[in-house]
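Read off the chains here:
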Amino acid sequence: MLRKVTLLLFLALALVGRPTGAEAAQDATWLDLPPGIAAQAEPIHEAMMARCQRAGMSPEHMRMMMVDLQRMADQLPPGVFLEILRLMSEMDMAEMMAVHQAVREGGLLQEPPGQVARFVRELAR
């Protein structure tokens, strides 16, 4: 399953003009999730990637987004991560970028998981 997810992500990233090879493979490491979580996250993530592509997001911006998602996956309980991923997939681009900025610059992941989820829920309203 992880191979399928990795292959699909690789193909999606190649379609947006991303470099292929080792660099693209490294960018797919955010999918290092338990199999059950990866299976649930895959369709949500694919939809987000397609939306970012349609919005004209640069490859560098997409890489930064993947780093943030991996950090969230690493630091939050799986259920909270999936809830946040679902909420982010429904946000407009400005709201989604606010979450990423809070992760990178605002110390959002220093908060308890419930506070992180609440922050994202409030943005999604």
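In this text the structure is predicted, and so the values were computed from the model without any measurement.

A.B. asks: Please clarify how the overall build of the chain should be interpreted in this entry.
C.D. replies: Within the chain one finds seven helices and zero strands. In the chain, the succession of α and β elements from N to C terminus is α-α-α-α-α-α-α. Buried positions account for 41% of the 125 residues belonging to the chain. In the chain, the share of contacts with a sequence separation of at least 24, taken over all contacts with a separation of at least 6, comes to 71%.

A.B. asks: Sorry if this is basic, but what is going on with the environment of M62 here?
C.D. replies: With respect to the element layout, M62 can be found in helix α4 (residues 59–75). Given the relative accessible area of 1%, M62 is considered buried. Sequence separation between M62 and M49 is 13 residues, and the spatial gap between their C-alpha atoms is 8.1 Å.

A.B. asks: Can you walk me through the packing of helix α6 (residues 93–104) against helix α7 (residues 113–124) in this structure?
C.D. replies: Any two packed helices are characterised by how steeply their axes cross, that is the angle between the axes, and by the distance between the axes. Look at α6 against α7: their axes get within 10 Å of each other, and the N-to-C directions meet at 155 degrees. Between α6 and α7, the interaxial angle falls into the category roughly antiparallel. α7 is crossed by α6, and the crossing has right-handed handedness. Only F119, V120 and L123 of α7 make contact with α6, whose side of the interface consists of E95, A98, V99 and A102. Residue classes in the contact of α6 with α7 are distributed as six nonpolar, no polar and one charged.

A.B. asks: Where do I start with the pattern of salt bridges in this structure?
C.D. replies: Between side chains of opposite charge, a pair can form as their charged atoms come close. The full count for this structure, using the stated rule, is three salt bridges. A salt bridge links R63 to E60; the nearest nitrogen and oxygen atoms lie 3.1 Å apart. Placement of the pair is R63 and E60 together in helix α4, with a separation of three residues, close to one helical turn. The class of E60 is partly exposed, set by a relative accessible area of 43%.

A.B. asks: Before we go on, may I ask you to explain the nonpolar core in this structure?
C.D. replies: Across soluble globular proteins, you tend to see nonpolar side chains buried next to one another. M72, F81, I84 and M88 are the most contacted members of the largest nonpolar core, which totals 33 residues. Broken down by secondary-structure element, the contributors of at least two residues to this core are α3 (35–54), α4, α5 (78–90), α6 and α7.

A.B. asks: How should I be thinking about α5 in this particular structure?
C.D. replies: Each α-helix winds once per 3.6 residues, and so residues spaced three or four apart point in a common direction. Across its 13 residues, α5 extends 19 Å between first and last C-alpha, which sits within 8% of the 18 Å expected from 1.5 Å per residue. Here α5 has its buried residues at V80, F81, L82, I84, L85, L87 and M88. In the core, the buried residues of α5 are packed alongside α3, α4, α6 and α7.

A.B. asks: Mind showing me how you'd approach the environment of E83 here?
C.D. replies: With respect to the helices and strands, the residue E83 is situated in helix α5. If we skip the residues at most four places from it in the chain, E83 touches A117 and R121.

About the cut-offs
Residues numbered from 1 in each chain as written. Predicted model: local features only at pLDDT ≥ 70, side-chain atom pairs only at ≥ 80, totals over all residues. Heavy atoms only, no water. Helix = DSSP H or I, 4+ residues; strand = E, 2+ residues; numbered from the N terminus. Buried < 20%, exposed > 50% of the residue type's maximum accessible area, 1.4 Å probe, protein only. Contact = heavy atoms within 4.5 Å. Axes fitted to C-alpha atoms, helices over the stretch in contact; angles between N-to-C directions. Parallel < 35°, antiparallel > 145°, perpendicular 65-115°, else oblique. Left-handed = near helix turned anticlockwise from the far one by under 90°. Nonpolar A, V, L, I, M, F, W, Y, C, P; charged D, E, K, R; others polar. Salt bridge = Lys/Arg side-chain N within 4 Å of Asp/Glu carboxyl O. Core = buried A, V, L, I, M, F, W, Y, C linked by side-chain atoms within 4.5 Å. Expected span 1.5 Å × (residues − 1).

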